[in-house]
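The lines below spell out each chain.
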Amino acid sequence: MEFKNTLEFAKSLDAIDQLGVYRDEFIFPKVNGKEVIYFTGNSLGLQPKRTQGFIDEVMKDWAELAVEGHFYAKKPWWDYHEQLAEPLAKVVGALPEEVSVMNTLTVNLHLLMVSFYRPTKKRFKIICEEKAFPSDQYMFQSQVRFHGLDPKETIIEVKKREGEHYWRTEDVIQKINEVGDELALVLIGGVNYYNGQVMDMKAITKAGKAVGAMVGWDLAHAVGNVKLNLHDWEVDFASWCSYKYMNSGPGNASGIFVNRKYLGKTDIPRFEGWWGTKKETRFLMKPEFEPMENADAWQISNAPVLSIAPYLASLTLFEEVGMDALIEKRNKIVSYLEFILHEIDKEVDSSFEIITPKDRGCQLSVFLHGHGKSLFNYLMENGVITDWREPNVIRLAPAPFYCSYEDMYRFGQILKAGVLAN
């Protein structure tokens, strides 16, 4: 398709957008009395309008049933989380029994490391990406120290090539093969938070497994954004937050994936609690832990229903639309945004450098050469909610559920005015 940088063309794309009706399913903040152009679904997704009803239902059951809500609510609380397994499995490419919802992302990564990072004298090293998200870095370092190892000798970062802004799959695989039988774990962000690059998870997982290492993925920026096939790729484990592209609300419950081959085992290292033991015998208060036959065995405490309810609300939207339709629109709207950026670049005395490679999801990360934070501030003051990363990068993430092509056009006009004003 040949794009045009006109309002009429943008509106014509919206007119044929089959997902356009879902924009009205979300609540937009306003700046200067107008709905914002929202580019930060990669940080916190907008609130679905149906979320309030799911929370109200729990609150009503709590008020009317109190403790009996655990078993007699319309959606009983004691197994509330189980309702999320099947729709979430479709989003991440897993079997329903391989998925559970609990805790928050870094908590879950720590818990999964208990099971899947088992260093020995010979095999103890961890491969991750250079400048991983800080929480992952802290998690790696603290886990390594917990095992009495030196992070400097244990954690190996795969670097980008000199002068490049992205990782090459062949470099990751080369590093895996180089470390070889000393490698205990590969754990990388499936989509990089800074440049928006989608890693070749299938190829990297295969390479890690080939040398005998465990392979896990931090899918914070991947889930609900890119096509995932965790089961078919033979990933060992993964975790993700739910509040970015999944729109579950600030800090809400995380999801985990544990490959089926590890399920139902009593001898796997794991921090255990009451809610991970079998439902059938849970209330017999037996002293022996009998793990659930699914990923729920990694649960420790009972599910935070008020946190999970918004996640379930959002998943109903994913069930209606499906990842294939979301990805089809994602590809088109991100391409249109890229076109708009290049067109505005031609019209003003400026130089925008997109550092996101073609292996991408919703996000474009853009170097604003020659412009400081004043341009970012101008965008924010004029209703473009985006985000800033030092030294001069803005991240633009047009989530396909609620962003429109007209948003992309309007953003270009505001960006142009901002450049001329600064």
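Just so we're clear, the structure is a prediction, and the values are computed from it rather than from any experiment. (Residues numbered from 1 in each chain as written. Predicted model: local features only at pLDDT ≥ 70, side-chain atom pairs only at ≥ 80, totals over all residues. Heavy atoms only, no water.)

Participant: When you look at the packing of aromatic side chains in this model, what are you seeing that I'm missing?
Facilitator: Here the distance between the centres and the angle between the planes together describe a pair of aromatic rings. Applying the stated criterion across every chain yields a total of 24 aromatic pairs. Between the aromatic rings of Tyr336 and Phe339, the centroid separation amounts to 6.1 Å while the plane-to-plane angle is 15°, which identifies the pairing as stacked. Of this pair, Tyr336 and Phe339 are both found in helix 12 (residues 323–347), 3 residues apart, which corresponds to roughly one turn of the helix. A single burial state applies to Tyr336 and to Phe339, both of which are buried. Three or more aromatic residues link up through ring pairs in this structure, and these residues are Tyr22, Phe26, Phe28, Tyr38, Phe318, Phe401 and Tyr402. When the ring centre of Trp298 is taken as reference, the NZ or CZ atom of Arg270 above it lies at 4.6 Å. For the cation-ring pair, Lys279 lies above Trp78, with the distance from its terminal atom to the ring centre recorded as 4.8 Å. (Phe/Tyr/Trp six-rings, centres within 6.5 Å; stacked < 30°, edge-to-face > 60°. Helix = DSSP H or I, 4+ residues; strand = E, 2+ residues; numbered from the N terminus. Buried < 20%, exposed > 50% of the residue type's maximum accessible area, 1.4 Å probe, protein only. Lys NZ or Arg CZ within 6 Å of the ring centre and 35° of its normal.)

Participant: Explain helix 11 (residues 305–321) to me, please; I cannot follow it from the model alone.
Facilitator: Given 3.6 residues to a turn, an α-helix orients residues that are three or four positions apart in the same direction. Between its first and last C-alpha, helix 11 extends 25 Å over 17 residues, near the 24 Å set by a 1.5 Å rise per residue. In terms of burial, helix 11 is a largely internal element, 13 of the 17 residues being buried. Gly322 sits one or two residues past helix 11 and shows a positive phi near 85°. (Expected span 1.5 Å × (residues − 1).)

Participant: So what exactly am I meant to see when it comes to the sheet that holds strand 17 (residues 393–396) here?
Facilitator: Either a parallel or an antiparallel arrangement is found when strands of a sheet pair, and the pairing is made through backbone hydrogen bonds. The 4 strands lie next to each other as 13-14-17-16, forming an open sheet whose pairing is antiparallel. The sheet is open, and its two borders are formed by strand 13 (351–354) and strand 16 (387–389), each paired with just one other strand. Strand-to-strand twist of the sheet, defined as the mean angle between neighbouring strand axes without regard to direction, takes the value 35°. For strand 13 and strand 14 (residues 364–369), the ladder comprises 4 bridges, and the chain directions are antiparallel. Looking at the pairing, Ser351 lines up with His369 of strand 14. Running at roughly 155° to strand 13, helix 12 makes contact with strand 13, strand 14 and strand 17 of the sheet. Against the sheet, helix 13 (residues 373–381) makes contact with strand 14, strand 16 and strand 17, and its axis sits at roughly 165° relative to strand 16, the strand it touches most. (Pairing = 2+ DSSP bridges. Axes fitted to C-alpha atoms, helices over the stretch in contact; angles between N-to-C directions. Contact = heavy atoms within 4.5 Å.)

Participant: How should the UniProt feature "binding site: pyridoxal 5'-phosphate" (unreviewed entry) in the chain be read in this particular structure?
Facilitator: When the UniProt feature table is mapped onto this chain numbering, "binding site: pyridoxal 5'-phosphate" (unreviewed entry) sits at Leu105, Thr106, Phe133, Pro134, Ser135, Asp136, Asp218, His221, Tyr243, Trp274 and Asn302. Spatial dispersion of the annotated residues is evident: they stretch over 198 residues in sequence, and the largest pairwise C-alpha distance comes to 31.6 Å. The partly exposed category is assigned to Phe133, whose relative accessible area is 37%. Mapped onto the fold, Trp274 is located in the loop between strand 12 (254–258) and helix 10 (279–282). Judged by its relative accessible area of 37%, Trp274 falls in the partly exposed class. Sequence-distant contacts of Trp274, that is, excluding residues within four places in its chain, are made with Arg282, Phe283, Met285 and Ile300. (UniProt positions renumbered as here; feature names shortened; annotations may be inferred.)

Participant: Would you take a moment to explain the UniProt feature "modified residue: N6-(pyridoxal phosphate)lysine" (unreviewed entry) in the chain for this structure?
Facilitator: UniProt records the feature "modified residue: N6-(pyridoxal phosphate)lysine" (unreviewed entry) at Lys244, using the numbering of this structure. Locating Lys244 in the fold gives a position in the loop between strand 11 (237–240) and strand 12. Residues in contact with Lys244, not counting those within four places in the same chain, are Gly41, Asn42, Ser43, Leu44, Gly45, Ala220 and His221.

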